[in-house]
Amino acid sequence: MSNLDTRRITTEERPAALQPEGTLPSNTVLQERYQVLNVHGVGGMGAVYRARDLRFSGVNKIVAVKEMNNSTPDPRLRRISIQNFEREANILASMSHPAIPKIFDYFSEGQRSYLILEFIEGKTLEDMLEEERRPFDTEQIVDWGIQICDVLAYLHSNEPPVIFRDVKPGNLMLRYDGRIMVIDFGIAKVFEHGQRGTMIGTEGYSPPEQYRGVAEPRGDIYALAATMHHLLTNRDPRLEPPFTFHERPIRLFNPAVPEVLDTILSKALSYDVQERYASAPDFAVALSNALPRGRRGVTRPGTAAFAPPQDVAPVWKFRCEDEVRSSPRVADGVLYVGSYDNNLYALNAEDGSFVWKFPTEGGVVSTPCVHQDTVLVGSEDTKLYAISRRLGDQMWSFATGERIRSSPQVEYGHCFCGSDDGRLYALNALSGRMVWTFESGGPIRSTPLVSGDMIFLGSDDGYIYAVDMGTGALKWKQNTHRRVTSSPTLGEDLLFVGSADGHLYALNPGSGWPVWRFRTRGYVFSSPAVADGTVYVGSADGHLYAVEASSGRQRWKYDTGAPVTSSPSLSHDIVYIGSNDGSIHAVEMKNGQRAWSYTTQGPVPSSPFFFEGTVYVGSTDHYVYALPG
Amino acid sequence: MPYPADMDARQDSYPWQVGLASHPGRVRERNEDASLALHFVSVQQDEPPFPLGLFVVADGMGGHLQGQRASALACQLAAGYVLQHILMPLLSEEGEESERAPINEVLESAVSVAHEVVARRLPDAGTTLTMALVLGSGVYIAHVGDSRAYLGKGGRLERLTQDHSMAARLQEMGQAAPEKLDSQRNILYRALGQGPRIEPDIAYRGLEEGEYLLLCCDGLWGPVPDEEMTAIVNAAATPNAACQALVARALEAGGEDNISVIIAARGWPRCE
């Protein structure tokens, strides 16, 4: 949406002429020698032109003309900019390095000053980032990093040392021959408006000490590492609070980066100058050791090929006759879980021993709901059953028009459950008598959420619904255009639910208005869980996401390697989730690091259930597992 | 005579009250702040009153009238976008059929549109922008720079925004000595109209009965500490009187910068 609008305004407001305001027209000749061909770029202080040096009449010698417009009315600012421009000229004149552009001339005409420089055919890394919009190849970045270290070492070895002070993608140019050039020795990007009050400073790549006016070689090392971080992650540091690189570990955004390179860049990005590499050559040496010769990504012997060793051993496991997609529930020491073998099982939660089973006529994928003396569950035989917890026999059943995959919820003596027939049913929990139904436009597999006098649910017709609990009347609905199989959750004054459109939605529970939506790259069938201002949800893109509840910003993501349709279960510091990679993953809430995982023999669409220190989960390998939480 | 209890409960009074004050201060010639307050309420059928409000404070920077223009432009554009994409559809909506855009995306677009235009028209200027959208019982904040949004009730004043200033950042890092902070205080690392793109902080909060929103620029929160603001607000008879009193206090403390403040209250404690 924002792209579209941005573009529209740009075309409306920009004049038709291609000539940027205040720049020299083509064919202007400066000093009777440099014929302007075209504007090459426009910077803060003036333009850079591509020009022809007429002194060499026999050949077409192209030069770069860098202009500084010193017409600013503030005399102090004007003095500073002229000084900076002269300093740039003087620095360049005393340099001789293949990665630093040669300077040919320096002069002023009217209110403008000019540098005549070697014209470099190529692209800045900033332009390349714009084009690529994805992380760069690791080997490429390490190669460039080493090249830049070489230039920095040359600059720093001058007497007195020259500190570049402005290493960033926009000041690094890749020539067509693959060599990196360092351009723009202008620095002076300090905005000083010479008045009290709010000012604007540069941000992103600069080291912290530079904000205190300290420029020293290790500051350039920081800025180079910051640039490499940007290129490897495609995360623009100018859009982040300063000095927060450590909060965006490279491997989180680009798992292809070897850990050793991550460590090297972290060191170079230390807040404290003393903790960085002592010099550019030291940094270069470290970088050259970051990638092993030949191919990167060493395979350690013994990690693959055979079944991986398990991090944890199950407390017990119980074998059903078919897949277990239902999620277990535990009450009073008894675990209830459904299986594709048509049964609802009651097991001893402590040791997994069999208590009873209740046969239905279809697969049980619905999650059981415990209410007083009964346990309620839906079956693919179209019926909702209420079963005595003590004996495992039927109290009542209620037939819907289609299979039941939704899970029943009981509140205020009423049972609410969806069906593939498109209806939400409200039944008397004791008798199974129907009180009302609510009809949606598609199968309801989402589990209804009852809160106050409202019921929230999703439907495969693409809508999220809010229904009056007493009457079943519609309060509001919000379209997501794709199936909403995920079950809603309330927390932090918001309603969270996933959709097959790939988003996790946060809605205002009163009005249904989306407060934000968070995009993943796969269906979100998983049902969110909320704790301490963070929402956790799985996606078919293979990740478990942690998202800030108030803003919809990603806190971290955890890659399981296969689609996630299971829903997270939370202990006080761990998120548990199943994945189609066959494992149950235990992930640290605070940082998204793996605590442990346990591999079963089949995909795990079942949602784990954390209860009193134990994680209970089913697997398509037919087993129900109890794992130590 | 007290109303019968049931009648009292059914009475749909509109408890929202809003105040605004802006002053150039004692030192600056110009007021580079811009502010905007807009609110209305809709009462339909048996539903409780649904208040809607849009409140913006922007503090411009940049020489030669540019700062002033930047804050005004940003304020207009961002508010206009929100009006067009949230408030207008709400008024024209038919039935329950809903295709409503997520509010964070609308707010992000509003700030981006303002950013694009300011960056192009006023390349040497920038502005802070703190915008609060009240929809029913929730408030949505979009924020760039070092103006602030607070949520207050009684003796409590909670800050909803983070300053995008070097000083705040260095303080978070726990690295800067206080005397060094002063020179860094006014340097922003994120400002509307500056940099390649803009990403505002967006946040949502529920608003309870008796809570008030306070938006202000650093001309107020700089010289007047939070506790003092709370005391002044609690002593005032109306939100407008509170805004006036806050500005007066900032002027008393030197008034070195422009001062702008908006208070939007969901119910106002009766002053004895």
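What counts, and where the lines are drawn
Residues numbered from 1 in each chain as written. Chains lettered and ligands numbered in written order. Predicted model: local features only at pLDDT ≥ 70, side-chain atom pairs only at ≥ 80, totals over all residues. Axes fitted to C-alpha atoms, helices over the stretch in contact; angles between N-to-C directions. Helix = DSSP H or I, 4+ residues; strand = E, 2+ residues; numbered from the N terminus. Parallel < 35°, antiparallel > 145°, perpendicular 65-115°, else oblique. Left-handed = near helix turned anticlockwise from the far one by under 90°. Contact = placed C-beta atoms within 7 Å. Nonpolar A, V, L, I, M, F, W, Y, C, P; charged D, E, K, R; others polar. Buried ≥ 20, exposed ≤ 12 C-beta atoms within 10 Å, placed from the backbone. Pairing = 2+ DSSP bridges. pLDDT = per-residue confidence, 0-100.

Draft legend 1. Expanded view of the packing of helix H4 (residues 138–156) of chain A against helix H8 (residues 280–288) of chain A. Residues and elements named next belong to chain A. In contact at an axis separation of 8 Å, H4 and H8 are set at 165 degrees when each is read in the N-to-C sense. Viewed along their axes, H4 and H8 adopt a mutual orientation that is roughly antiparallel. Crossing of H4 over H8 shows left-handed handedness. Note on element contacts: H8 touches H4 through Ala280, Pro281, Phe283, Ala284, Leu287 and Ser288, opposite Val142, Gly145, Ile146, Cys149, Asp150, Leu152, Ala153 and His156. Residues belonging to the contact of H4 with H8 are distributed by class as follows: 10 nonpolar, 3 polar and 1 charged.

Draft legend 2. Spotlight on the pairing of strand S33 (residues 534–538) of chain A. All names here are of chain A. Buried residues dominate S33, accounting for 5 of its 5 residues. Every second residue of S33 is oriented toward a common face, with Thr534, Tyr536 and Gly538 on one face and Val535 and Val537 on the other, all of them buried. The sheet contact formed by strand S32 (residues 529–531) and S33 spans 3 bridges and is antiparallel. Looking across to S33, one finds that Ala531 is bridged to Thr534. What sits between S32 and S33 in their antiparallel hairpin is a turn of 2 residues, with Asp532 showing a positive phi close to 50 degrees. The pairing of S33 with strand S34 (residues 543–548) spans 5 bridges and is classified as antiparallel. By the bridge assignment, Val537 is partnered in S34 with Tyr545. What sits between the antiparallel neighbours S33 and S34 is a turn of 4 residues, in which Gly542 has the positive phi angle 100 degrees.

Draft legend 3. How the structure looks around unusual backbone geometry. Residue and element names in this part refer to chain A. Phi is positive for Asn342, close to 80 degrees, though the residue is something other than glycine. Tracing the chain through its elements places Asn342 in the loop between strand S13 (334–338) and strand S14 (343–348). In this structure Asn342 comes out as buried when scored by C-beta crowding, with 20 C-beta atoms within 10 Å.

Draft legend 4. Geometry of the confidence of the model for chain B. All names here are of chain B. Looking at chain B, the pLDDT average stands at 85 and 84% of residues meet or exceed 70. Within chain B, no element has a lower average pLDDT than helix H1 (residues 5–10), which sits at 42, and none a higher one than strand S11 (residues 212–216), at 97. Taken together, the stretch residues 1–12 has pLDDT below 50 and engages in 4 contacts with residues farther than four places along the chain or on a different chain. Reported confidence for the predicted complex is 0.74 by ipTM and 0.67 by pTM.

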